[in-house]
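# Coordinate analysis (summary)
Below are the chains, spelled out letter by letter.
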Amino acid sequence: AQKITQTQPGMFVQEKEAVTLDCTYDTSDPSYGLFWYKQPSSGEMIFLIYQGSYDQQNATEGRYSLNFQKARKSANLVISASQLGDSAMYFCAMSPRRSNYQLIWGAGTKLIIKP
Amino acid sequence: GAVVSQHPSRVICKSGTSVKIECRSLDFQATTMFWYRQFPKKSLMLMATSNEGSKATYEQGVEKDKFLINHASLTLSTLTVTSAHPEDSSFYICSARDDSNNQPQHFGDGTRLSIL
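So, here's what we can say about the structure.

Before going further, it helps to examine the side chain of Gln8 of chain A. Secondary-structure assignment places Gln8 of chain A in the loop between β1 (3–5) and β2 (10–14). On the basis of relative accessible area, Gln8 of chain A is assigned to the buried category, the value being 15%.

Here it is as structure tokens:
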């Protein structure tokens, strides 16, 4: 079965601290992509970061980095130096190659940054 | 960067009305677009995959006659909620995949549909 699991329904983090959002996945497809999206209360889905299953290095995009541990099937998102504007829902998603580009979504984590 | 325009952003209408939502890729061609429905505090639920020039592929449990999808061009897909009822009230969001590269799907800003 193909599945994404986000075990943290909600998190509170102090401003300027780093935060790690957990994501584990399950797929039998050897080729897949892993994504993180941010959804503020206004509703739009904002792409944050992408990791390919064959990528040798962990992806980084500014304050976002993806801690990709293939053997453990985990793809945690790390946000460094959190800001108040980081408060949002965060979704982990996977796109197996054989899925015709469909995304399989996790349940999401609601992140609240405290001033 | 690539932009997907979704219109309208908010619709309030009476029960029995049909509502059309547009999803347009502004600066790239998209053979494949996706329509999602999102309930409050829940993840995105894929409704259907929209394919340019052919019939959409619906997920199990999604009524084809209720949610009509048309993808007549490489930059536009429409979702029509026919004879909408209060239970159809939800947040609908589309995404599009750029044919020219392997970039992630780009999302519209969503449509909040309220049926009275």
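Attention shifts here to the interface of chain B and chain A. The partner chain A presents 17 residues to the 18 residues of chain B that form the contact. Summed over both sides, the interface of chain B with chain A buries roughly 1,400 Å², with 57% coming from carbon and sulfur. Counting across the interface, chain B meets chain A through 0 salt bridges. Linking chain B to chain A there are 4 residue pairs in polar contact (both at pLDDT 80 or more). Mapped onto the side of chain B that touches chain A, the elements with two or more residues apiece are β4 (32–38), β5 (44–51) and β9 (90–97) of chain B. Residue classes in the side of chain B that touches chain A are distributed as 8 nonpolar, 5 polar and 5 charged.

Quick look at the packing of aromatic side chains now. Residues and elements named next belong to chain A. On inspection of all chains with the given rule, the structure shows 11 aromatic pairs over all chains. Their ring planes at 55° and their centres at 5.1 Å tell us that Tyr25 and Tyr32 sit as a pair that is tilted. This pair shows no difference in class: Tyr25 is buried, exactly as Tyr32 is. With centroids separated by 6.1 Å and ring planes inclined at 85°, the aromatic side chains of Phe91 and Trp105 adopt a geometry described as edge-to-face. In this pair, Phe91 is assigned in strand β10 (residues 88–96) and Trp105 in strand β11 (residues 104–105), connecting sequence segments 14 residues apart. The exposure classification of Phe91 matches that of Trp105, with both residues buried. One residue, Arg63, lies across the ring of Tyr64, its end atom 5.7 Å from the ring centre.

The bond known as a disulfide is covalent and runs between the sulfur atoms of two cysteines. In total, this model carries 2 disulfides over all chains according to the counting rule given. Note on cysteine connectivity: Cys23 of chain A is disulfide-linked to Cys92 of chain A, with sulfurs 2.0 Å apart. Of note, the bridge from Cys23 of chain A to Cys92 of chain A carries an S-S torsion of about -65° and is left-handed in sense. Note that Cys23 of chain A is positioned in the loop between β3 (19–21) and β4 (24–26) and Cys92 of chain A in strand β10, a separation of 69 residues in sequence. Take Cys23 of chain A and Cys92 of chain A: they sit in the same class, and that class is buried. The thiol of Cys13 of chain B is unpaired, and the distance to the nearest cysteine sulfur, on Cys94 of chain B, comes to 18 Å.

What counts as what
Residues numbered from 1 in each chain as written. Chains lettered and ligands numbered in written order. Predicted model: local features only at pLDDT ≥ 70, side-chain atom pairs only at ≥ 80, totals over all residues. Heavy atoms only, no water. Helix = DSSP H or I, 4+ residues; strand = E, 2+ residues; numbered from the N terminus. Buried < 20%, exposed > 50% of the residue type's maximum accessible area, 1.4 Å probe, protein only. Contact = heavy atoms within 4.5 Å. Buried area = accessible area lost by both parts, 1.4 Å probe. Salt bridge = Lys/Arg side-chain N within 4 Å of Asp/Glu carboxyl O. Polar contact = N/O pair within 3.5 Å; in protein donor to acceptor, adjacent residues only side chain to side chain. Nonpolar A, V, L, I, M, F, W, Y, C, P; charged D, E, K, R; others polar. Phe/Tyr/Trp six-rings, centres within 6.5 Å; stacked < 30°, edge-to-face > 60°. Lys NZ or Arg CZ within 6 Å of the ring centre and 35° of its normal. Disulfide = S-S within 2.5 Å.

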